[in-house]
Every structure is written in C-alpha cells, then in structure tokens.
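# Analysis of the macromolecular model
Residues per chain, in single letters:
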Amino acid sequence: MTDSEQMTKKRGWFGFLRRNKDQHPEPVPPETPPGPDVQPEPELPPDLPPDVPEPERPPEVTPEPDLPEPPEVPPEISPPMEPWAEGEGADSEIGQGSEKPKVEGGWFARLKSGLSKSSSRLTRGITDLFTKRKLDEAALEELEELLITADLGVATAARVTRRLAKNRFGKEVDAEEIKTALAEEISEILEPVALPLIVDRDCKPFVILVVGVNGSGKTTTIGKLARQYKDAGLSVTLAAGDTFRAAAVEQLKVWGQRTQCPVISRDTGADAAGLAFDALAEATKRGDDVLLIDTAGRLQNKSGLMAELQKVLRVIKKQNAAAPHAVLLVLDATVGQNAHSQVEVFRDMCEVTGLVVTKLDGTARGGVVVALAEKFGLPVHAIGVGESVDDLRPFSAQSFARSLVGLG
C-alpha cells in the first residue's frame, strides 16, 4: 500500500467527501436579467398583511392650560335695523313661508283654506252619513262618533247631537242642514273665548311672556305679534329668553330686523331669568309699550324644566309686581288631544291668561280648538293658518265655526 493510499484510508469518509467536492464542483446557472415588463415586488413590513394599510397614529393633543372664569357678559342689545321687503330671504329663516303659494282673497278665504284639512275630514263624514236620511238613534250615534274622531271632544259631540235630536229627531235631514246646525253650535261654544289681546297703554312696558312646548311656534308667534304691534304704532322690545338654543336666538334677531325691534339676548346657556330681568329693566328705561319675552320649550311632564319657568316669573315680579301682564300659551294644533294636558299643566304652573293656536293649516285636528274652549274656557286670542305675518289673526268664533264645517 502506497503512502497516498494510506493517507486516504486514514482520512476516512469525510475526507473522501471533501475530495469529491473539490474534483466535481456544482454547476452555477448563469444570471438572467429581468425582462422589461417584470417589476420587482416591493418589500412589505414583516408584521402587516399585503392588503391592510398601516394605521395612522393619532395626533398628539396638548392639554389646554387652566384659565380663570371670564366675567359675566352683559346682555346683548341688537338695535333695530332697516326692515326687509316682503319676500326677501327672511322668510327662508322663518318657516320657509315663501315656498307656500299665497291664497288670494281676504282673511276668511285664508282661514277657510287653512282649515281645509279639518273641514274636508268632517264634511266628508257628514255627507256620507246624511243623504236624505232620517235622524234616528243610529244616525245620532254615528254623528257623535264622527265629531269625537274630529277632535271636537266628547262634551261638544254630545251637546250637538242633543240639540239636533231635540229639533229634528225623526225627520229627514241632509248634509247641509247638519253642517249649518253644527256651525251654529260651535259658534256658541267659541263666542265666550274669542277675546283679543288688548295692550294696556298705561303699562310701560306691557309684558307678554310666551310659553309652550318645543316646536309649537313660540318664536314665530312673537315675531308676528311684534310686526302687528309695530304697525299699530307701538314701540316693542323682544327678549330672546330661549337661551338653550342658539337657533332660537338667531331666529328672533331675524324677526327683530324685519320689524325694526331691538332684541335683548345673551350667550347660549345663560340664565333665562336673569335675561328676563335685564330685558324688563331696559324696556322700562326706554318707556317701551310692549315687551315680548320668548322662553325655552318645555315638556309639560318635566317638573324640573317647569320649575325654571316659574323662576322666570318670580324674577319678573320682583321688578314689577303686576308683570307679566299676559302669559300666552302657544299650542300646536297638530298634537290634537295632547293639547289638553299642555293647557292643564301650564295653566297651573305659570297662570296662563290666554291661548294662541298655530299650524291649523297643517292638520285635520282643527276641532281641538272647540274642545279646549268647552273644557277650559281660556281666551283664544289668535290662531295661525300659515307662515306669513298676515296668517296670524285675532280669533273669530263665527268665521272659525263656518270654515271648520266647510260652509262659505
């Protein structure tokens, strides 16, 4: 055995592998450059899937330094400005009245048009019931049910049917006879409450506090009353007492601009009672004839909110024991029988002296005015049948009764 064979034997299996590798190296494939259309895939972060974007970091927020409480700001008094012409942009701020077509004719035509939903419901039912039919027990019962569903109330329905039974029972009647008798009965119920709101010129100012639930139309009613009082030659100040809603304050300022009435306001969230006190002091100093005070909308079943309204009343009386001289409850006619509970609570909590019923043009529940008059006997000073200033008018019992039953 040669020396080389002895060395191979000594080196063993690992030596053989190493020698074999040196003698037969592995072939290396030639490097192929990528084609022109092949783009290398971008490298992705190792911890994110390809389709999920990396979340953004929230910006750093630097805490604000503690600042001392600002001093109490005195009420802002918006001076009267040049009035807008009829049909200008103010209408879009106040109920979009310009979008509704105007009704040609006088007040009775607008009243009849405004009550068309209520009257059509009632007259259609009467016409269906009485087409040359005898007035018997069954007919009277159906008529009573119709009047109740038209929101005239149980007492009014019973009163009308008793009168018809007394004069026409057993005789043939038609729809026109029933409507005429119904209009006469409704007019008798409404006559005692159809009282205008008279401003005492000896009271300077004559303070009118306007209350009601959210959305009943308080602010718009104040603006319309202000316009009518200004047209009558009275000096008027408006107080934006709905300090919880910035929109209500701005809306009243728009009305102040239209009517050239100064508006007393404060920042949102300010004390409403304090604002009322300041407004009364300012109006008294100027010798104004009328002060109209807006209030925040309050649900009649929220005792805490109603207590705040009582605070406003107490603060006003501290300055003038006779004020407010009138407390108007604005009612939305679309709520129907819910208006009864509103009248009960507001009358007991803040001594309501009269009612204004709005939005009669948007409901078939106009009969609720009759039910309220029958039950509470509170004066109904005005009704609203549209968005324009002329659509709020003093309440007329006969005109309302005839319009409600569809008589010309």
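Look a little higher up for the structure.
Residues numbered from 1 in each chain as written. Predicted model: local features only at pLDDT ≥ 70, side-chain atom pairs only at ≥ 80, totals over all residues. Heavy atoms only, no water.

### Looking at the overall build of the chain
Put simply, the rule reads: Secondary structure counts use DSSP, requiring at least four H or I residues in a row for a helix and at least two E residues in a row for a strand, with both numbered from the N terminus. Burial classification: accessible surface area is computed with a 1.4 Å probe over protein chains only, and a residue below 20% of its type maximum counts as buried, one above 50% as exposed, and the rest as partly exposed. Contacts are assigned to residue pairs with any non-hydrogen atoms lying within 4.5 Å of each other. Values of accessible area rely on a 1.4 Å probe in the Shrake-Rupley scheme; residue burial ignores everything except the protein chains shown.
In terms of regular secondary structure, the chain is built from 14 helices and 11 strands. Classification of the 408 residues of the chain by burial places 43% in the buried group. The contacts of the chain with a sequence gap of at least 6 include a subset with a gap of at least 24, amounting to 79%. Looking at the chain as shown, the accessible area adds up to about 22,700 Å², and 53% of this sits on carbon and sulfur atoms.

### Comments concerning the side chain of aspartate 289
With respect to the element layout, aspartate 289 can be found in the loop between helix H10 (272-286) and strand S7 (290-293). Apart from the residues within four sequence positions on either side, aspartate 289 is in contact with Val199, Arg201, Cys203, Lys204, Pro205, Phe206, Gly233, Leu234 and Ser235.

### A few points about the nonpolar core
Put simply, the rule is: Here the nonpolar core consists of buried residues drawn from Ala, Val, Leu, Ile, Met, Phe, Trp, Tyr and Cys, with membership extended through side-chain atoms lying within 4.5 Å.
Core analysis: the biggest nonpolar cluster contains 79 residues, and Leu190 and Phe400 have the highest contact counts within it. Here this core gets eight residues from one element, more than from any other, and that element is helix H7 (residues 175-190). Among residues more than four places away in sequence, those in contact with leucine 190 are Val369, Val370, Ala373, Phe395, Ala397 and Phe400.

### Here's the deal with a negative patch on the surface
Going by this rule: Think of a patch as exposed residues, more than 30% relative accessible area, with no salt bridge, where like charges cluster within 9 Å and nonpolar side chains (Val, Leu, Ile, Met, Phe, Trp, Tyr) cluster within 5 Å. For salt bridges, the criterion is a side-chain nitrogen of Lys or Arg within 4 Å of an Asp or Glu carboxyl oxygen. Asp and Glu count as negative and Lys and Arg as positive, but His and the ends of the chain are not part of the count. Charge positions come from single atoms, namely NZ of Lys, CZ of Arg, CG of Asp or CD of Glu.
A cluster of acidic residues, Asp136, Glu137, Glu141 and Glu145, forms a negative patch on the protein surface. Locating aspartate 136 in the fold gives a position in the loop between strand S2 (133-134) and helix H5 (137-149). According to the relative accessible area criterion, aspartate 136 is partly exposed, its value standing at 33%.

### Digging into the packing of helix H4 (residues 116-129) against H7
The cut-off we apply is this: Helix axes are fitted to C-alpha atoms over the stretch in contact, other axes to C-alpha atoms as well, and angles between N-to-C directions run from 0 to 180 degrees. If an angle is under 35 degrees, it is roughly parallel; if it is over 145, roughly antiparallel; if it lies from 65 to 115, roughly perpendicular; otherwise it is oblique. Crossing handedness is defined as follows: a turn of the near helix away from the far one that is anticlockwise and smaller than a right angle gives a left-handed crossing, while the clockwise case is right-handed.
The N-to-C vectors of H4 and H7 enclose an angle of 135 degrees; their axes lie 9 Å apart at closest approach. Put simply, H4 runs oblique to H7. As for the relative orientation of H4 and H7, their crossing is right-handed in sense. Here Leu122, Thr123, Ile126 and Thr127 of H4 lie close against H7, whose contacting residues are Ala175, Ile178, Lys179 and Leu182.

### Re the side chain of aspartate 391
Note the threshold: Throughout this description, a polar contact denotes any pair of N or O atoms lying within 3.5 Å of each other; where both atoms belong to protein, one of them has to be capable of donating a hydrogen while the other can accept it, and for residues adjacent in sequence the pair is counted only when both atoms sit in side chains.
Structurally, aspartate 391 is set in the loop between strand S10 (380-384) and strand S11 (392-394). Judged by its relative accessible area of 10%, aspartate 391 falls in the buried class. A polar atom in the side chain of aspartate 391 sits 2.9 Å from the side chain of serine 388.

### Describing the pairing of strand S8 (residues 326-332)
Basically, it comes down to this: The pairing criterion for strands is at least two bridges between them, as found by DSSP.
Most of S8 sits inside the fold, with seven of its seven residues counted as buried. Side chains Ala326, Leu328, Val330 and Asp332 project from S8 onto one buried face, and the interleaved Val327, Leu329 and Leu331 project onto a second face that is buried too. In the sheet, strand S4 (residues 206-211) pairs with S8 via four bridges, with the strands oriented parallel. Across the sheet, residue isoleucine 208 finds its bridge partner in S8, namely alanine 326.

### Digging into the pattern of salt bridges
For the coordinates displayed, the defined rule picks out 20 salt bridges. The salt bridge involving aspartate 278 is made with arginine 266; its shortest N-O contact spans 2.5 Å. With aspartate 278 in helix H10 and arginine 266 in the loop between strand S6 (263-265) and H10, this pair connects stretches of sequence that are 12 residues apart. Assessed through its relative accessible area of 23%, aspartate 278 is described here as partly exposed.

### Here we look at H5
Rules: Any helix carries an expected span of 1.5 Å times its number of residues minus one. Note that the arc is computed from the directions linking the helix axis to the C-beta atoms.
Between the first and last C-alpha of H5 there are 19 Å, a value that for 13 residues agrees with the 18 Å anticipated at 1.5 Å per step. The set of residues buried in H5 consists of Ala139, Leu140, Leu143, Leu146 and Leu147. One face of H5 carries all of its buried residues, which in axial projection span an arc of 125 degrees. Every exposed residue of H5 that faces more than 90 degrees away from the buried side is listed here: Glu137, Glu141 and Glu145. Tucked inside the fold, the buried residues of H5 contact H4, S2, helix H6 (154-168) and H7. The first or second residue beyond H5 is aspartate 151, which carries a positive phi of 70 degrees.

### So, the environment of leucine 275
Position of leucine 275 relative to the elements: it lies in helix H10. The exposure class assigned to leucine 275 is buried, which follows from its relative accessible area of 1%.

### Quick notes on helix H8 (residues 218-231)
Residues lying three or four places apart along an α-helix face the same way, a consequence of the helix completing one turn every 3.6 residues. Between its terminal C-alpha atoms H8 stretches 20 Å, which fits the 20 Å expected from 14 residues at 1.5 Å a residue. By the criterion of burial, H8 is predominantly enclosed, with 11 of the 14 residues buried. Listed in full, the buried residues belonging to H8 are Lys218, Thr219, Thr220, Thr221, Ile222, Gly223, Lys224, Leu225, Ala226, Arg227 and Tyr229.

### Quick word on the environment of leucine 147
Within the fold, leucine 147 resides in helix H5. You can call leucine 147 buried: its relative accessible area is 0%. Separated by 14 residues in the primary sequence, leucine 147 and threonine 161 place their C-alpha atoms 9.5 Å from one another. Filtering out sequence-adjacent residues up to four positions away, leucine 147 remains in contact with Leu122, Leu152, Gly153, Ala157, Val160 and Leu182.

### Quick word on the packing of H4 against H5
Short version of the rule: Charged means Asp, Glu, Lys or Arg here, nonpolar means Ala, Val, Leu, Ile, Met, Phe, Trp, Tyr, Cys or Pro, and polar covers whatever is left, Gly included.
Across the interface, H4 lies against H5 with an axial gap of 10 Å and an inter-helix angle of 170 degrees. The orientation of H4 relative to H5 falls into the category roughly antiparallel. Contact with H4, carried on its side by Arg121, Leu122, Gly125, Ile126 and Leu129, involves Glu142, Leu143, Leu146, Leu147 and Thr149 of H5 and no other residues of that element. Taken together, the residues of the contact of H4 with H5 break down into six nonpolar, two polar and two charged.

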